[in-house]
Amino acid sequence: MKRGERILIVISLVLILSISFVSASLLDDLLSKITGKKINLSPSETIVFSENFDDKITPLPAGWGKWSGGTAAISNDLIHSGKSLKITADGTNVVAVVTNTLVVDKDKTYTLSNWIKIDSLSEGKLYVQIHCYKSDRSQIVLYKNLKIYSAPITIAKEESYSFVPKVICGSDQVGVIQIAWVLGKSTSTSPDPFGVLHIDDV
């Protein structure tokens, strides 16, 4: 046996013995560098995003936005699992909070879970929405409702909503979405919403 072959065997044994001490993702990267190919040792789930607001000190997480009236800010007023996002509609306008843009696979099934607490929504509705865009960020449709909660309502619970982007958006071209929580009118001629919404653990 040649000296070079002995060295390769030793290296291989070291790698094998080290497998139990290296995470799958790190081992994937290590073997990729050695072989020049992308190797997946085990299937993994992709979390598009996760937000619990606990480490945020700005009014909203980076990339998120607020539309129209009312107020929206990270708050300590209600403790669920740390901080929550408090959205207030004061009866003078619609208020909406929207996430940053999220890249999705149009054919996959996604589940949005969030803890919500509606404090005495006496007028209007809470709309949990998906906003649909092509991969180039051009708009396909302004919104599709995942769930609607109608006033009068008081609720505090974990809620989940499953969807397939191309189905809910009605297009094979969808590649990017945003999630929105909207305190809005019940109908176009109804009074503006009045109430407080807390969301957490998105």
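This text goes with the structure placed above it.
This structure is a prediction, so every number in the text was calculated from the model and none was measured.

## Considering the packing of aromatic side chains
(1) Moving on: What the rule picks out here adds up to two aromatic pairs.
(2) Moving on: The ring of tyrosine 149 has lysine 147 sitting right over it, with the charged end atom 5.4 Å from the ring centre.

## Here we look at the sheet that holds strand E11 (residues 194–200)
(1) Moving on: Strands sit in the order E2-E3-E11-E6-E9 across an open sheet of five strands; the sheet is antiparallel. The sheet is open, and its two borders are formed by strand E2 (71–75) and strand E9 (153–163), each paired with just one other strand. Adjacent strand axes in the sheet meet at a mean angle of 20°, parallel and antiparallel pairs treated alike.
(2) Moving on: Here six bridges tie strand E6 (residues 110–123) to E11, and the two strands are oriented antiparallel to one another. Bridged to isoleucine 118 within E11 is leucine 197.

Parameters at a glance
- Residues numbered from 1 in each chain as written.
- Predicted model: local features only at pLDDT ≥ 70, side-chain atom pairs only at ≥ 80, totals over all residues.
- Heavy atoms only, no water.
- Phe/Tyr/Trp six-rings, centres within 6.5 Å; stacked < 30°, edge-to-face > 60°.
- Lys NZ or Arg CZ within 6 Å of the ring centre and 35° of its normal.
- Pairing = 2+ DSSP bridges.
- Helix = DSSP H or I, 4+ residues; strand = E, 2+ residues; numbered from the N terminus.
- Axes fitted to C-alpha atoms, helices over the stretch in contact; angles between N-to-C directions.

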